[in-house]
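Residues per chain are reported as follows:
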Amino acid sequence: MKKKEDSKEKKQRIILKEIEGMFDVAEDYAKKDMKIAVNNVKKAKRIAMKINLKLPKRLKNKFCKKCYFIFTPENCEIRIKNKRKTIRCKNCGTIKRMCL
Ligand SMILES: [Zn+2]
């Protein structure tokens, strides 16, 4: 059984790399064409869900969970208050809170 576990982890690691690559592409496109960026984020999320992979925080914090917009200085408002960081998506108004 242990062997199977190992290969599962290995697979997840490989897919996580792919997902990170997709986020890189999405971030590039976020400045030029948000539609393509959003599609990339959606695709990446779908792949992650398929194998029950939790997106790491560093990826989750890159996009709006509601409209999948990649956060750029133009489309979000970042506020830091009481050691908490809030990001407000200017596209759909969703507020994301995180601890610093
Ligand atoms: Zn949004």
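Residues numbered from 1 in each chain as written. Predicted model: local features only at pLDDT ≥ 70, side-chain atom pairs only at ≥ 80, totals over all residues.

Engineer: Is there a simple way to explain the sheet that holds strand β2 (residues 84-89) in this structure?
Structural biologist: Picture the strands of a sheet paired through backbone hydrogen bonds; they go either parallel or antiparallel. Strand order in the open sheet formed by three strands is β1-β2-β3, and the pairing between neighbours is antiparallel. Bordering the open sheet on either side are β1 (76-81) and β3 (95-99), each of which pairs with just one other strand. Here the average twist between neighbouring strands, direction ignored, is 20°. Inspection of the sheet shows β1 paired to β2 by six bridges, in the antiparallel sense. Bridge pairing in β2 links Arg79 to Thr86. (Pairing = 2+ DSSP bridges. Helix = DSSP H or I, 4+ residues; strand = E, 2+ residues; numbered from the N terminus. Axes fitted to C-alpha atoms, helices over the stretch in contact; angles between N-to-C directions.)

Engineer: How should I be thinking about helix α2 (residues 34-50) in this particular structure?
Structural biologist: Since the α-helix turns once every 3.6 residues, residues separated by three or four places project in the same direction. Here α2 is 17 residues long and its end C-alpha atoms lie 24 Å apart, about the 24 Å a rise of 1.5 Å per residue gives. Asn52 occupies a position one or two residues after α2 and carries a positive phi of about 55°. (Expected span 1.5 Å × (residues − 1).)

Engineer: Explain unusual backbone geometry to me, please; I cannot follow it from the model alone.
Structural biologist: With a phi close to 55°, Asn52 is a non-glycine residue in the positive phi region. For Asn52, the position within the fold is in the loop between α2 and α3 (57-60). The exposed category is assigned to Asn52, around which 8 C-beta atoms lie within 10 Å. A positive phi angle, near 65°, is found at Tyr68, a position not held by glycine. Inspection of the secondary structure assignment puts Tyr68 in the loop between α3 and β1. Judged by the 20 C-beta atoms lying within 10 Å of it, Tyr68 falls in the buried class. (Buried ≥ 20, exposed ≤ 12 C-beta atoms within 10 Å, placed from the backbone.)

Interpretation in functional terms is not warranted from these geometric data alone.
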